[in-house]
Amino acid sequence: MPSIPGAKTTSGPTLSGSAPRVRITAGVGTVNQKTWNIRRPVTLIGSGPNCQIVLPGAAVAKAHCAIINNGVHVLLKDLCTPSGTCCGGRPVDLHDLRDGDVVEIGDFRIQVAIQCINSHADQTASGIRFDEAGSLPSVGIWLHPAGNEPPAHLQSPVCLIGRREECDLAVADPQVSLAHAILFWFDGRAVVADLGSRTGTWINGQRQALAFLEAGDLVRVGSYEATIQTGESNSNTAPERPDTMAQLEATLRAQEASLAEREAACERKLLYLNEMEKALNRRQEQLNDLARRLRAATAPANTCQPFAQVVPLKEVITPDQEPVESSSAMDAIDRAWRLIRRGNA
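Read on for a plain summary of the structure.

Conventions used here
- Residues numbered from 1 in each chain as written.
- Predicted model: local features only at pLDDT ≥ 70, side-chain atom pairs only at ≥ 80, totals over all residues.
- Heavy atoms only, no water.
- Helix = DSSP H or I, 4+ residues; strand = E, 2+ residues; numbered from the N terminus.
- Buried < 20%, exposed > 50% of the residue type's maximum accessible area, 1.4 Å probe, protein only.
- Contact = heavy atoms within 4.5 Å.
- Areas by Shrake-Rupley, 256 points an atom, 1.4 Å probe, with all protein chains shown as cover.
- Phe/Tyr/Trp six-rings, centres within 6.5 Å; stacked < 30°, edge-to-face > 60°.
- Lys NZ or Arg CZ within 6 Å of the ring centre and 35° of its normal.
- Patch = residues over 30% accessible without salt bridge, like charges linked within 9 Å, V, L, I, M, F, W, Y side chains within 5 Å.
- Salt bridge = Lys/Arg side-chain N within 4 Å of Asp/Glu carboxyl O.
- Core = buried A, V, L, I, M, F, W, Y, C linked by side-chain atoms within 4.5 Å.
- Pairing = 2+ DSSP bridges.

### Description of the overall build of the protein chain
What the protein chain contains, in helices and strands, is three helices and 25 strands. Counting over 345 residues, the protein chain shows a buried share of 41%. The long-range share in the protein chain, meaning contacts at least 24 apart out of those at least 6 apart in sequence, stands at 43%. Counting every atom, the protein chain has about 20,400 Å² of accessible surface; 52% of that belongs to carbon and sulfur.

### As for the packing of aromatic side chains
Evaluation of the coordinates by the stated rule reveals one aromatic pair. Stacked on the ring of Phe212, the Lys or Arg Arg189 has its end atom at 3.8 Å from the ring centre.

### Focus: the environment of Gly100
When you line up the elements, Gly100 lands in the loop between β9 (94–96) and β10 (102–105). Judged by relative accessible area, which is 36%, Gly100 ranks as partly exposed. Filtering out sequence-adjacent residues up to four positions away, Gly100 remains in contact with Gln111 and Val112.

### Brief notes about a nonpolar patch on the surface
A cluster of nonpolar residues, Tyr272, Leu273 and Met276, forms a patch on the protein surface that exposes about 330 Å² of accessible area. Checked against the element boundaries, Met276 lands in helix α1 (residues 245–298). Given a relative accessible area of 37%, Met276 falls into the partly exposed group.

### A short note on the nonpolar core
Core analysis: the biggest nonpolar cluster contains 23 residues, and Ile68, Leu79, Leu160, Ile182, Phe184 and Leu195 have the highest contact counts within it. Those elements that provide at least two residues to this core are β3 (42–46), β5 (65–69), β15 (158–162), β17 (181–186), β18 (189–194) and β21 (210–212). Sorting elements by how many residues they give to this core places β17 first, with three residues. In this view, Ile68 contacts Pro41, His73, Val74, Leu75, Lys77, Val158, Ile182 and Phe184; residues no more than four positions away in its chain are not counted.

### Topic: the sheet that holds strand β4 (residues 53–54)
Taken together, the five strands give an open sheet; going across it, the order is β4-β3-β5-β6-β9, and neighbouring strands pair in mixed fashion. Bordering the open sheet on either side are β4 and β9, each of which pairs with just one other strand. Bridge count for β3 against β4 is two bridges, and the pairing is parallel. Each residue of the ladder has a partner; that of Gly46, found in β4, is Val54.

### Re the sheet that holds β15
Strand order across the open sheet formed by five strands is β16-β15-β17-β18-β21, with mixed pairing between neighbours. The open sheet has two free edges, formed respectively by β16 (169–170) and β21, since each of these has just one partner strand. Note that β15 and β16 share two bridges and pair parallel. For Ile161, the partnering residue across the bridge sits in β16 and is Leu169.

### Some thoughts on the pairing of strand β1 (residues 21–26)
Strand direction decides the pairing type here: β1 and strand β11 (residues 108–117), joined by six bridges, are antiparallel. Each residue of the ladder has a partner; that of Ala26, found in β11, is Ile110. The pairing of β1 with strand β2 (residues 34–38) spans five bridges and is antiparallel. Note that in β2 the partner of Thr25 across the bridge is Thr35.

### Comments concerning the pattern of salt bridges
Counted under the stated rule, the structure contains nine salt bridges. In this structure, Glu214 engages Arg189 in a salt bridge whose closest nitrogen and oxygen atoms are separated by 2.5 Å. Here Glu214 is found in the loop between β21 and β22 (218–221), whereas its partner Arg189 is found in strand β18, with 25 residues between them in sequence. The partly exposed category is assigned to Arg189, whose relative accessible area is 35%. Between Glu261 and Arg220 there is a salt bridge whose closest N-O contact spans 3.1 Å. Of this pair, Glu261 sits in helix α1 while Arg220 sits in strand β22, placing them 41 residues apart in sequence. Here the salt bridges do not stand alone but share partners, grouping Arg220, Glu225, Glu261 and Arg262 into one network.

### Things to note about the pairing of β5
Counting buried residues in β5 gives five out of five residues, a clear majority hidden from the surface. Relative to β5, β3 runs antiparallel, the two being bridged by four bridges. The residue of β5 that forms the bridge with Ile45 is Cys65. Turn length for the β5-strand β6 (residues 74–78) hairpin, with the two strands adjacent in sequence and antiparallel, is four residues, and the turn residue Gly71 shows positive phi of about 90°.

### So, the environment of Gly147
By secondary structure assignment, the location of Gly147 is in the loop between β13 (139–145) and β14 (152–154). Judged by its relative accessible area of 46%, Gly147 is partly exposed. As for Gly147 and Glu225, which are separated by 78 residues in sequence, their C-alpha atoms are 8.4 Å apart.

### Focus: unusual backbone geometry
Phi is positive for Cys80, which is not a glycine, with a value near 55°. Within the fold, Cys80 resides in the loop between β6 and β7 (85–87).

Here it is in structure tokens:
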């Protein structure tokens, strides 16, 4: 699976020595020929960096298709892409791959080679012979949403969860990738595999890349949360919700873990916003200081003005006249002095 920061794969399935061996080759007979030996349950093919097999091209989606090896069958699953995935010249949604199949993805032609270990007497001396897989098991998965939404019954051997309307479980949430995760069956047990999504796939409060699912597990993709129940697809009624005390307690613990994770994320966002506010305040102080310096640098220099222009006007009262307002303090003083001298004459 893609390398997803923080994701765990310890509880996921691993292929045994008897599982089919898969080898795919792109660009057969050209200078760009490249071969991959696949020894993992899920191999993601696309143009995105999280894919194990990267095929650059405008017609190749970031997560285009997946090869699922469940230990018995090798399946090709198109991830509801606009350009589609073809096998043998025909568009396919879910295809049981056979040795010699040619898969077409955009402008790429991929040759598939499958070797199955078989203990029959007609096997080759090396112990490996080409074998054809049998019919796929008919099983289903029930998802019981946490709210009042009706349960979802996923019956396909490989179920796609994503934002595209064509997905087996379409979730209209911007936090959900177009092709977010797949559910499939491995050795009779349900498995979830994240497809390199942005927000991850969470099982009981822990981010998982590849993990087994048990009845009562809480699955979350984006804002969608649901409790897992498994059952045969030929049943027309949904399995009963977990009603025992132990199952209810397990579900409650899973929900509490999910809430704690969300609370921690909110606290981290709050700390980040506080730091941003402090940084903005510091920036505002710097801008205010810069504005003061600019005003000081561009203000005209103060010049000394005559005393007569800066001293306010005053009233001068003479003994025989009405108050006379002088044009300046110096003129008022001068007239007052002349009047005093005239009175003494």
